[in-house]
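Listed below are the residues making up each chain.
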Amino acid sequence: MEEEEFEPLIIAFCCNWCSYAGADLAGVSRFQYPPNIRVIRTMCSGMVHPNLVMDALTKGADGIIICGCHIGDCHYLEGNVVTEKRAEAIELMLEDFGLEPERFRLEWVSASEGDKFARVMNEMVETIKALGPSPYKMG
Amino acid sequence: MVDKVGAVLVVGGGIAGMQASLDLADSGYKVYLLDKSPNIGGAMSQLDKTFPTNDCAMCIMAPKLVETGRHHNIELLTGASLEAVQGSPGNFLVTIKKTARKVDETKCTGCGLCTNFCPVEVPDEYNVGLVTRKAIYVKYPQAVPAVVSIDLEHCIGCGICEGQCEAEAIIYDQEEHMMDIEVGSIVVAPGFDLFDLARKPQYGYGVYPNVLSSLELERMLSATGPHAGMVLRPSDGEVPRNIAFIQCVGSRDKQIGNTYCSSVCCMFSIKEAIIAKEHTPGLEAHIFFMDMRAYGKEFDAYYSRAEEEHGIRFTRGNRISSVEEDPVTHNLFMTYVDGADLKTEEFDIVVLSVGTEAPVDTDKLKQVLGIDLNAHSFCETNIFDPLSTSEPGIYVCGAFSSPKDIPDSVAQASGAAAMASSHISTERNKLVEIREFPPEKDISDEDSRIGAFICHCGINIGGVVDVPAVVEYAKTLPNVVYAEDNVYTCSQDTQSKIVETIKEHNLNRVIVASCTPRTHAPLFMNTIRDGGLNPYLFEMANIREHCSWVHSKEPEKATQKAKDLVRMAVAKAALLEPIPPIKISIAKSALIIGGGIAGMTAALGIADQGFDAYLVEKKDELGGMTRRIHFALSGEDVQARMNELIDKVKSNERVHVYTKAKIKDIEGFIGSFMTTLEHEGEEKQIRHGVVLVATGGIELKPDEYLYGEDPRVVTQLEYEDMLTNGGLKEGTKSVAMIQCVGSRKEERPYCSRICCTETIKNALKTKEMMPDANVYVFHRDMRTYGFRENYYREAAEKGVVFVRYYPENPPKLTVNDGKLELTAKDPFLDEEIVVSPDVVMLAVATLPNADNEDLSTFLKIPLTKDKFFLEAHMKLRPVDFATEGVFLCGLAHSPKFVEECLAQANAAVSRATTILAQEELELEATKSCVIDAKCDGCAYCVDPCPYDAITLIEYMSDGAVKKTVDVDETACKGCGVCQATCPKEGIFVRGFTLDQINAMIEAALEVT
């Protein structure tokens, strides 16, 4: 039997104002990317609790990406500055949990960067495919 | 004194008429919206996509259609015509004839059963006759009102529909009738009609089957068109290999009398070429044109992408003389010029880019309303009063005053609404009903009962995702008690269906799987309110932008993903709780930033509506860039009008002018902003409800063509000053004008829009003052759109010499023996041209105000790449920002003419008035909320809050002092930084709680 290709499941947290709009623009522009991404809309990237990220990874998500407005463009002044600091904490936690750093990514995607959204998603899927399934998925 | 009436009649239900109606209705006026067609929607309803964003036209228009159709202050008068108008401004008596629809509008549900049984087939006007419809029909699937009508010309009276109609809505003996209404003002927005292609027989339209009009191609490209979006040759149904577009058919044509430019066709063809290529693999598209008029915001970038990314071929300098056909293959042949060569090429399809004309009933409008028309039968207007007709109290917007695109029409529509309401502002709220929703059902003791509505969006979703399979899957999900699919979930009939379904199935939460919540959630949230639910008991799954459109080549995987997205939405919906509304009072005043012509006009408009206007200008006098314009193309004395305007502003007691003032800070939000000004050495605080950004633009000081080195080289405004103030030396024999200096190049890719026309103005003036002087214009495309084209023609006729240049080979200016020498290559003659001008005028770029970046930070409003402000939506919200309560107008938006600035300024007034007219405003209820039992007062959340909305407090509980935090709900914006900081899960944002997000994650990870 031919082995089925690994199809990762990646959760993308997108802030309502820039990144979700960027994801929408990718759609409007018909920029294609693989169907492995599940977008969860949050008001701000700064709304994403690190526990949500770690829970998702330990429950079997193969990768997590947080997308927010570019620094300086945050709809909530500097919610994304907080996100940036949290991302550092998340990176440290990944190590503790025995997860590869590539499974988590932080990206700034503006409302006019539909092409960037599609590109980042393409890259993320490729990266995770190369890594293989999350070790937490096996159990 | 006549008794004024707080109602307005809007004539024409296209996008402009709808926008004017919505603004007026939202500002407290009763609106009668009249359309001769049985359904509103106008020309935009026929469009597949819109430039320059390729937004699906119906998708962006449907919410407005629905809102117009269901607005409690708008009464639709469809299938109606204007018969007589008496009275005066403030009080008109209007007589209207309503034709017999033969259908009871209150009973028809738009189910369409009757149309299935009707035996009569009639060419379908909506699809330009490419398919047929029945004699009883609804104009298009999303039509408003969603009610059928009988086409009396074709109905054979067989009675089958009457027998089939379960709602008993067919009334065969319904007769046309007259009705009278009283209104205070009238807005005319009848739109346009298309040039009759039979008048250009040399192109073979109607004779050669493969010659199409651009509207026919548009319908072909549409999912609701004849071939579900496929472009097929009418002669044999084959997929075309190549397609040619001929521009200016019925435009810029002296022979047929339409000497003006139709303004939209260049962009329209580029868009169609892009979409046709997307829909037809391997298709080659070729556009033949004279000048590419990509003059609007982001248009030139779109044009570049069409050429570079989509591989569309553009051949300029062409007015194709005729089309020949091979009678066997029905292939078409055209001869064109390419540089200095003549070529003939064969095409599978030729598209005629058809021009626009004044609406066919323009003479009747003139007769009934008494308004003046121009030489082309469009409504006559003045550049200083672009929204007024010659009759007081009667205003105009949209394509009826000159051919124009959607955003310009929408801006004019809002502007006309402001003008129409300004002289009846005392009658605001007198004739309107307050929109009432049924009482909210208490669902606190109920288990979740979710209804799921899955949208096909025509073929936008349904063409990729197996929607019925998603519906079946949704039915199996926990808490889902009802699921169905809809062709368009956003259509008006589906809204009624959702309300009924909520009641019938006792739903207490609703999900819609369709497009993006960013545009459509408000519509559905109001719908469920009509069904007695709190609007926040709603969730959306975006299976279009995030699924069918981005996985269009993987239908199975897209279907699986759509199921997953629905499952995630259902998981969250099950945990949604009602959110109580938060209401705030509104400061009835506006801050207007920028004292140029747009800002001053806006300030007066706000004052006319009965509100205070704080007008802030950084310079020591009002006037802005218009102060440097002396005369208009049409001859008006600009400075005389400016002085009048400035006097009006200064003498209006509701306008408070602060010149030489600097904005130090703007805090707050819609309804309640607080601005700190530095004025005359003092700090001053102003409280206001809205902000209007009118920061204007500046003229580029170029660093090329010897500018600044040789005094004979001047900018356009400097040259105008010379013409007016005698700066031009006696004996000037030769003037050269160079276009696109600083515009349309790599570092500044946009077109500055006004410079071509300003050049024509200056060239004509030069010729008038010095008939013997030679005037040369070196240009890339002359972009004299609309009626400005007539002046371009006049300049050419008066001997102004126009020489085209290509950007890779621009003219060269040198000094030779003390004389200026300009060398250019004429691409058509393939010859070098050398002139020795006495003066060289540079048509330089218009730059954004350098202060825009600071303001962007203060107000959290975005800029474009070019540093102009970016509006909420390029097409339908041209003067709104995504940030509520903040609006823009004039050059802050992009370069534009005086008349366009004035239209936008009035539009911004209209949009602001929809807020200022309310007594209190319901705020977005997504706010953070503390669970005192979990909060231990650690205060980790206090500092990160970007709005200082959280304070640490102490309280007594069981005799002990406890700590918790308190959230100021007017300051909180719901970003959730607190929620993500809290180690105890003690603070959360309503509608985005950790449990709700977690439920979505778990649902996403469930393997099905």
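Keep in mind that this is a model prediction, so the values were computed, not measured.

Looking at this structure, I do not really get the pairing of strand β3 (residues 63-68) of chain A. What am I missing?
It is a general feature of regular strands that their side chains alternate between the two faces of the sheet. Residues and elements named next belong to chain A. Across the six residues of β3, six count as buried, placing the element largely inside the fold. The two faces of β3 match: G63, I65 and C67 on one face and I64, I66 and G68 on the other face are all buried. Bridge analysis of strand β1 (residues 10-15) against β3 gives five bridges, and the strand direction is parallel. The residue of β3 that forms the bridge with C14 is C67. The pairing of β3 with strand β4 (residues 104-108) spans five bridges and is classified as parallel. What sits directly across from I66, in β4, is L106.

Honestly, unusual backbone geometry in this entry has me stumped. Any pointers?
Residues other than glycine predominantly adopt negative phi, and peptide bonds predominantly adopt the trans conformation. All names here are of chain B. The amide bond that connects F51 to the next residue, P52, takes the cis arrangement and shows omega of -5°. Across the junction of V144 and P145, the peptide omega takes the value -10°, indicating a cis bond. As for its placement among the helices and strands, P145 is situated in the loop between β10 (136-137) and β11 (149-150). In this model, E298 sits at a positive phi of 70°, which is unusual for a non-glycine residue.

I'm lost on the side chain of E699(B) in this one. Help?
Residue and element names in this part refer to chain B. Take E699: it is sitting in strand β37 (residues 697-699). With relative accessibility at 13%, the residue E699 sits in the buried group. Among the polar contacts listed, one links the side chain of E699 to the side chain of T715, at a separation of 3.0 Å. A distance of 3.0 Å separates a polar side-chain atom of E699 from the backbone nitrogen of L717.

What am I meant to see in the pattern of salt bridges here?
Close approach of charged atoms allows side chains with opposite charge to pair. Residues and elements named next belong to chain B. Under the definition given, this model contains 74 salt bridges over all chains. A salt bridge links R241 to D348, with the shortest nitrogen-to-oxygen separation between them at 2.7 Å. Within this pair, whereas R241 is found in the loop between α5 (214-221) and β16 (242-249), its partner D348 is found in the loop between β21 (341-347) and β22 (349-354), the two being separated by 107 residues in sequence. Overall, the relative accessible area of 3% leaves D348 in the buried class. By sharing partners, the salt bridges in this structure join R252, D291, R293, D300, R316, R744, D781, R783, E789 and R804 into a single network.

Please clarify how the nonpolar core should be interpreted in this entry.
As a rule of thumb, nonpolar side chains are buried together in soluble globular proteins. If you look at the biggest cluster of nonpolar residues, it comprises 129 residues, and the most contacted ones within it are F13(A), V53(A) and V566(B). Tallying contributions element by element places helix α14 (residues 555-574) of chain B first for this core, with ten residues. Setting aside residues up to four positions removed in sequence, V566(B) forms contacts with I454(B), V470(B), A474(B), L477(B), I511(B), A513(B) and A541(B). I592(B), F611(B), V690(B) and L923(B) belong to the second-largest nonpolar core, a separate cluster that totals 48 residues.

Quick question: what am I supposed to make of the sheet that holds strand β35 (residues 682-688) of chain B here?
Strands in a sheet are paired, the pairing made by backbone hydrogen bonds, and the direction either parallel or antiparallel. Residues and elements named next belong to chain B. A sheet is described by the order of its strands in space; here three strands give the open sequence β33-β34-β35, paired in antiparallel fashion. Two strands in the sheet have a free side with no partner beyond their single neighbour: β33 (661-669) and β35. Neighbouring strand axes in the sheet, compared pairwise and without regard to direction, differ in orientation by 20° on average. As judged from the seven bridges shared by strand β34 (residues 672-679) and β35, these two strands associate in the antiparallel manner. Each residue of the ladder has a partner; that of E678, found in β35, is E683.

Help me understand helix α11 (residues 492-504) of chain B, please; the structure alone is not making it clear to me.
Residues that lie three or four places apart on an α-helix share one face, since the helix turns once every 3.6 residues. Residues and elements named next belong to chain B. Between its first and last C-alpha atoms α11 spans 19 Å; for 13 residues at 1.5 Å apiece the expected length is 18 Å, and the two agree. Q492, T494, Q495, I498, V499, T501 and I502 are the residues of α11 that are buried. Residues of α11 that are buried make contact with α2 (57-70), β25 (450-455), β26 (480-486), β27 (509-514) and α12 (517-530). Where α11 ends, the next residue or the one after it, N506, has phi of about 50°, a positive value.

So what exactly am I meant to see when it comes to the interface of chain A and chain B here?
One widely used convention gives an interface's size as the accessible area the parts lose upon coming together. If you look at the interface, chain A gives 45 residues, while chain B gives 46 residues. Contact between chain A and chain B buries roughly 4100 Å² in total, counting both sides, with carbon and sulfur atoms accounting for 63%. Its largest share of buried area at the contact with chain B, chain A owes to R30(A), R38(A) and M47(A), together 16% of the area lost on that side. The tally of links from chain A across to chain B stands at four salt bridges. Its salt-bridge partner being R518(B), residue D24(A) comes within 3.2 Å of it at the nearest N-O pair. Across the contact surface, chain A and chain B share 19 residue pairs in polar contact (both at pLDDT 80 or more). Mapped onto the side of chain A that touches chain B, the elements with two or more residues apiece are β1, α1 (19-28), β2 (37-42), α2 (50-58) and α3 (79-96) of chain A. Here the side of chain A that touches chain B gets seven residues from one element, more than from any other, and that element is α1(A). Split by residue class, the side of chain A that touches chain B holds 27 nonpolar, ten polar and eight charged.

Looking at this structure, I do not really get the environment of C248(B). What am I missing?
Residues and elements named next belong to chain B. Its location among the elements puts C248 in strand β16. The class of C248 is buried, set by a relative accessible area of 9%. When residues no more than four places from it in sequence are discounted, the contact partners of C248 are M290, R319 and S353.

How do you make sense of helix α23 (residues 994-1005) of chain B when you look at a structure like this?
Residue and element names in this part refer to chain B. Along its twelve residues, α23 runs 16 Å from first to last C-alpha, staying within 8% of the 16 Å computed at 1.5 Å per residue. Buried residues dominate α23, accounting for ten of its twelve residues. Buried within α23 are the following residues: L994, Q996, I997, N998, A999, M1000, I1001, A1003, A1004 and L1005.

Any chance you could explain the environment of G531(B) here in plain terms?
Following the sequence through the fold, G531(B) ends up in the loop between α12 and β28 (538-542). Apart from the residues lying within four places of it in its own chain, the contact partners of G531(B) are V499(B) and I502(B).

I tried to follow the packing of aromatic side chains on my own but got confused; where do I start?
Between two aromatic rings, the relevant description is the distance of the centres plus the angle of the planes. Counted under the stated rule, the structure contains 20 aromatic pairs over all chains. Look at W17(A) and Y76(A): their rings are 6.5 Å apart centre to centre, the planes differ by 75°, and that puts the pair in the edge-to-face class. One end of the pair, W17(A), is in the loop between β1 and α1; the other, Y76(A), is in the loop between β3 and α3, and 59 residues separate them in sequence. Judged by relative accessible area, which is 27%, W17(A) ranks as partly exposed. In this structure Y76(A) comes out as buried when scored by relative accessible area, which is 2%. Between Y76(A) and Y947(B) the ring centres are 6.5 Å apart and the planes differ by 85°, which places this aromatic pair in the edge-to-face class. Highlighted residues: Y76(A) in the loop between β3 and α3 and Y947(B) in the loop between β49 (928-930) and β50 (950-957), drawn from two different chains. For the pair Y76(A) and Y947(B), a shared accessibility class is recorded, and that class is buried. Among the aromatic side chains, those forming a connected cluster through ring pairs are F51(B), Y295(B), F299(B), Y785(B) and F897(B). Lying over the aromatic face of W549(B), R30(A) brings its terminal NZ or CZ to 3.8 Å of the ring centre. The ring centre of Y785(B) lies 4.4 Å from the NZ or CZ of R788(B), which sits over that ring.

About the criteria used
- Residues numbered from 1 in each chain as written.
- Chains lettered and ligands numbered in written order.
- Predicted model: local features only at pLDDT ≥ 70, side-chain atom pairs only at ≥ 80, totals over all residues.
- Heavy atoms only, no water.
- Buried < 20%, exposed > 50% of the residue type's maximum accessible area, 1.4 Å probe, protein only.
- Helix = DSSP H or I, 4+ residues; strand = E, 2+ residues; numbered from the N terminus.
- Pairing = 2+ DSSP bridges.
- Polar contact = N/O pair within 3.5 Å; in protein donor to acceptor, adjacent residues only side chain to side chain.
- Salt bridge = Lys/Arg side-chain N within 4 Å of Asp/Glu carboxyl O.
- Core = buried A, V, L, I, M, F, W, Y, C linked by side-chain atoms within 4.5 Å.
- Contact = heavy atoms within 4.5 Å.
- Axes fitted to C-alpha atoms, helices over the stretch in contact; angles between N-to-C directions.
- Expected span 1.5 Å × (residues − 1).
- Buried area = accessible area lost by both parts, 1.4 Å probe.
- Nonpolar A, V, L, I, M, F, W, Y, C, P; charged D, E, K, R; others polar.
- Phe/Tyr/Trp six-rings, centres within 6.5 Å; stacked < 30°, edge-to-face > 60°.
- Lys NZ or Arg CZ within 6 Å of the ring centre and 35° of its normal.

Interpretation in functional terms is not warranted from these geometric data alone.
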